[in-house]
Amino acid sequence: NGTWHAAAAVEDLREGEPLGLEIAGFHVALYRIGKQFYATGNICTHADALLSDGTLDGCEIECPLHMGRFDIRSGEALTSPVEIDIPTYPVRVAGDQLEVCLP
Ligand code: FES
């Protein structure tokens, strides 16, 4: 289920630099770790900060506002003050583009 949407050029997503996008009404954050790509919701579940403004540390994104952390692979809320998980979305490479599957 879900629909694939063009998200960004592969070359525009740099290691360690999350990219925030709005796609079909969804706030999406894209991440690159080596040759792997991940997508999550971009709105922190604590107080609405944009996670793409935060810091990527390994597979964890740290919210810029109160330093809560989420695992970008599972969306799991890891550290206080965040308690509610963020959504994750499938990502695929299509030629030189990244596509994200949104519900
Ligand atoms: Fe993200 Fe508070 S808004 S931890």
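See the structure printed just above.
Notes on the structure follow. Keep in mind that this is a model prediction, so the values were computed, not measured.

The next point concerns the sheet that holds strand β11 (residues 97-102). Read across the sheet, three strands follow the order β1-β11-β10 without closing on themselves; strand pairing throughout is antiparallel. The sheet is open, and its two edges are formed by β1 (3-9) and β10 (91-94), each paired on a single side. Averaged over all neighbouring strand pairs, the angle between strand axes comes to 35 degrees, with direction disregarded. Where β10 and β11 come together, four bridges link them in antiparallel fashion. Within β11, the residue paired with V93 across the bridge is L98.

Turning to the packing of aromatic side chains, a few remarks are in order. Applying the stated criterion to the full structure yields one aromatic pair. Each ring, one from F26 and one from Y89, has its centre 6.1 Å from the other, and the planes form 80 degrees; the classification is edge-to-face. Remark: Y89 occurs in strand β9 (residues 88-89) and F26 occurs in strand β3 (residues 26-33); sequence separation between them is 63 residues. With a relative accessible area of 11%, Y89 lands in the buried category. The ring of W4 has R92 sitting right over it, with the charged end atom 4.1 Å from the ring centre.

If you trace the four strands from one edge of the open sheet to the other, you get β2-β3-β4-β9, paired in antiparallel fashion. Each end of this open sheet is capped by a strand with a single partner; those strands are β2 (19-23) and β9.

This part takes up the pairing of strand β4 (residues 36-41). Here β4 lies mainly inside the structure; five of its six residues are buried. Direction of pairing for β3 relative to β4: antiparallel, over a ladder of six bridges. Its bridge partner being in β4, R32 is matched across the sheet by F37. A loop of two residues connects β3 with β4, the two strands running antiparallel in sequence, and G34 in this loop sits at a positive phi of about 60 degrees. Of the strand pairs in this sheet, β4 and β9 are connected by two bridges, and their pairing is antiparallel. Its bridge partner lying in β9, A39 is registered against Y89.

Definitions and limits used
- Residues numbered from 1 in each chain as written.
- Predicted model: local features only at pLDDT ≥ 70, side-chain atom pairs only at ≥ 80, totals over all residues.
- Heavy atoms only, no water.
- Pairing = 2+ DSSP bridges.
- Helix = DSSP H or I, 4+ residues; strand = E, 2+ residues; numbered from the N terminus.
- Axes fitted to C-alpha atoms, helices over the stretch in contact; angles between N-to-C directions.
- Phe/Tyr/Trp six-rings, centres within 6.5 Å; stacked < 30°, edge-to-face > 60°.
- Buried < 20%, exposed > 50% of the residue type's maximum accessible area, 1.4 Å probe, protein only.
- Lys NZ or Arg CZ within 6 Å of the ring centre and 35° of its normal.

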